[in-house]
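Fold and contact review
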There are 2 protein chains.
Amino acid sequence: MKRQDRRSRCPLNFSLQVLGDTWTLLVIRDIVFAGKRTYTEFLKSEEGISTNILADRLRRMVTGGILRKEGRGRTAHYSLTPKGLDLIPVVLALIEWGATHDPETAAPASVIERIRTHRDEVVRELRERLEG
Amino acid sequence: MKRQDRRSRCPLNFSLQVLGDTWTLLVIRDIVFAGKRTYTEFLKSEEGISTNILADRLRRMVTGGILRKEGRGRTAHYSLTPKGLDLIPVVLALIEWGATHDPETAAPASVIERIRTHRDEVVRELRERLEG
DNA sequence: GGATTATACTTGTATTATGCAAGTACTCTA
DNA sequence: TAGAGTACTTGCATAATACAAGTATAATCC
C-alpha cells in the first residue's frame, strides 16, 4: 500500500493512516512530556529512531498540520499546532493501556493512577503548559 | 528494526510496538462496533486488508493476549480478552481525533459528540455488550 | 568576514514488511 | 465421503525501515 492513498472515511482509519506507525507518537510524547523541540533532542530518545526516519516523520507531521517548524538549519525547532495538541488524549490513552498491560513498565503507578482518575485535568494541564 | 525487540520500557513505546501499525486497531474496531468475529468478516472491511497481513495480525493479537481464538478451520472465531477490551478507550480517542480533524469524515457528528461528552458511559456500554 | 563547529538533515544499501495473486487445508453439510 | 465454504499459506514484486556515511546550513570564534 502506498501510505498516502485514503482507504476509507472511517475516522479511525484516518487517524491510523496519519499516526499508525511506531515513531510518530513518540515524537509527540517527547514534546509533551520532555519539552523537546529540536531534531537532535528527538534523535537522542531512548528508542533510537534513525535519522532518515525522524526527518521523514517530522516532514509528514509538518505537512499534516500536527507540527509547526520555526527557523531553519541550526535554528530549527518544532512545536505542536492545535491539531497536534488534540493528540494529548490519544497519547494518554495509549500510555494508560501500556502501563496497565506491560508487566515491566517503567511508568510510575502514581502517574498512571492520576491519568486514570483525573484524565481531563491532566489533559488541561499539559495543554496549558504547551500553549502558554 | 525487528518488530519483536523491545526498544524501551516507556508505556507508550510498549503500546506502539503492539498497536503501532495501520491494521491492528481496525480489527478491534470491527469487533467492537460491527460485531465481527471471523476471518472472512474482517477481510470484507472497506479498507481491504490483505489475507496474509490479516492472518499475521490475528496471530499476533492472539499471541499478545488481545484476542482469543475459539474453534478451528471453518468454526474459528475471535473475541476480545480483557486486555483487548481495555483498548476501547484507545479506539475512542483515535476516533474522536480523526473525526475532528478529517474534513471528509464519515463519522456522524452526533456519535462523536456523545463520545466527547459521555465518554465513560460509551466505554461502559460497549464493554457490557461485548462481555455479556 | 572567513574558518570552525554544531546541528539538521540527505543519500546509499541491506534488510524487513506489505500488497497482490494464487494455491492449499480444514471442517461442516448432505 | 464428496463437495463446498471458510481459513488460511506461499511466492513474488514493491515499499518501508535500519544503519552508516556524507552534505548543507547557521551560529561562533578569531
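Source: prediction; values computed, not measured. Throughout, a residue's number is its position along its own chain's written sequence, starting from 1. Note on labels: chains are lettered from A, ligands numbered from 1, in written order. This being a predicted model, a pLDDT of at least 70 is required before a residue's local features are given, and a value of 80 or more before pairs of side-chain atoms are given or counted; all residues contribute to the totals for chains, interfaces and linings.

**Observations concerning the overall build of chain A**
Quick note on the threshold: Secondary structure elements follow DSSP: runs of H or I of four or more residues count as helices, runs of E of two or more count as strands, with numbering from the N terminus. We compute the radius of gyration from the C-alpha atoms alone; for a globule the expected value is 2.2 Å times N to the 0.38, where N is the number of residues. Residue burial is a threshold on neighbouring C-beta atoms within 10 Å of the residue's own C-beta, all placed from the backbone, with 20 or more meaning buried, 12 or fewer meaning exposed, and counts in between meaning partly exposed.
Counting its secondary structure elements, chain A contains 8 helices and 2 strands. For chain A, the succession of helices and strands along the chain, N to C, is α-α-α-α-β-β-α-α-α-α. The C-alpha atoms of chain A give 15 Å as radius of gyration, which agrees with the globular expectation for 132 residues (14 Å, within 12%). Dimensions along the principal axes, computed over C-alpha positions, put chain A at roughly 40 × 40 × 30 Å. In chain A, which comprises 132 residues, the proportion classed as buried is 34%.

**A few points about the interface of chain B and chain A**
Test applied: Throughout, a residue-residue contact means that the two C-beta atoms, derived from backbone geometry, are no farther apart than 7 Å. Gly is placed with the polar residues, together with every amino acid not listed as nonpolar (Ala, Val, Leu, Ile, Met, Phe, Trp, Tyr, Cys and Pro) or charged (Asp, Glu, Lys and Arg).
With 39 residues of chain B in contact, the opposing surface of chain A contributes 39 residues. Mapped by element, the contributors of at least two residues to the side of chain B that touches chain A are helix H1 (11-19), helix H2 (24-34) and helix H6 (88-101) of chain B. Take the side of chain B that touches chain A: its biggest share by element is 11 residues, from H6 of chain B. Classifying every residue of the side of chain B that touches chain A gives 18 nonpolar, 11 polar and 10 charged.

**Overview of the relation of the copies chain B and chain A**
Rules: For the least-squares superposition of copies, only C-alpha atoms count, and only for residues with pLDDT at least 70 in both.
Under the fitted operation, chain B is carried onto chain A by 0.0 Å of movement along the axis and a turn of 180°, and the coordinates agree to an RMSD of 0.0 Å. Both chain copies can therefore be described as sitting about a two-fold axis. A shared binding surface is used by both copies, with 100% of the interface residues of chain B retained as interface residues in chain A.

**With respect to helix H8 (residues 119-131) of chain B**
Going by this rule: Given a helix with a known number of residues, its expected span is that number minus one, times 1.5 Å.
Taking 1.5 Å as the rise per residue, H8 of chain B with 13 residues should run 18 Å; its terminal C-alpha atoms sit 18 Å apart, in good agreement. Burial runs low along H8 of chain B: only 0 of the 13 residues are buried.

**Topic: the nonpolar core**
Our working definition: Joined through C-beta atoms within 7 Å, a set of buried Ala, Val, Leu, Ile, Met, Phe, Trp, Tyr and Cys residues constitutes a nonpolar core.
Counting residues in each nonpolar core, the largest one holds 60 residues, and the members touching the most others are Val91 and Leu94 of chain A together with Val91 and Leu94 of chain B. Secondary-structure elements contributing two or more residues to this core are helix H1 (11-19), helix H2 (24-34), strand E2 (77-80) and helix H6 (88-101) of chain A together with H1, H2, strand E2 (77-80) and H6 of chain B. Not counting chain neighbours up to four residues away, the residues in contact with Leu94 of chain A comprise Leu25 of chain A together with Leu12, Ser15 and Val90 of chain B.

**What to know about the environment of Thr51 of chain A**
All names here are of chain A. Within the secondary structure layout, Thr51 lies in helix H4 (residues 51-63). For Thr51, a count of 9 C-beta atoms within 10 Å puts it in the exposed group. Linking Thr51 and Thr40, residues 11 residues apart in sequence, is a C-alpha distance of 9.3 Å.

**Looking at the pairing of strand E1 (residues 67-70) of chain B**
Residues and elements named next belong to chain B. Applicable threshold: Only strands joined by at least two bridges in the DSSP assignment are considered to pair.
Looking at chain direction, E1 and E2 are connected through 4 bridges and run antiparallel. By the bridge assignment for E2, Glu70 is matched with His77. Between the end of E1 and the start of E2, which pair antiparallel, lie 6 residues, with Gly71 showing a positive phi angle near 80°.

**Section: the packing of H1 of chain A against H6 of chain B**
Formally: Working convention: axes come from line fits to C-alpha atoms, limited for helices to the stretch in contact. Angles between N-to-C directions cover 0 to 180 degrees. Oblique is the label for every angle not falling under 35 degrees (roughly parallel), over 145 degrees (roughly antiparallel), or within 65 to 115 degrees (roughly perpendicular).
Put simply, H1 of chain A and H6 of chain B touch, their axes get as near as 7 Å, and they point 90° apart. In terms of axis orientation, H1 of chain A runs roughly perpendicular to H6 of chain B. On the side of H1 of chain A, the interface is formed by Pro11, Leu12, Phe14 and Ser15 of chain A, while H6 of chain B contributes Val91, Leu94, Ile95, Trp97, Gly98 and Ala99 of chain B. Here the contact of H1 of chain A with H6 of chain B is built from residues that sort into 8 nonpolar, 2 polar and no charged.

**Here we look at the environment of Leu26 of chain A**
With respect to the helices and strands, Leu26 of chain A occurs in helix H2. On the basis of neighbour count, Leu26 of chain A is assigned to the buried category, with 24 C-beta atoms found within 10 Å. Measuring from C-alpha to C-alpha, the distance between Leu26 of chain A and Ser45 of chain A comes to 8.9 Å, with 19 residues separating the pair along the chain. Contact partners of Leu26 of chain A, with chain neighbours within four places excluded, come to Ser45 and Glu47 of chain A together with Leu12, Asn13 and Leu16 of chain B.

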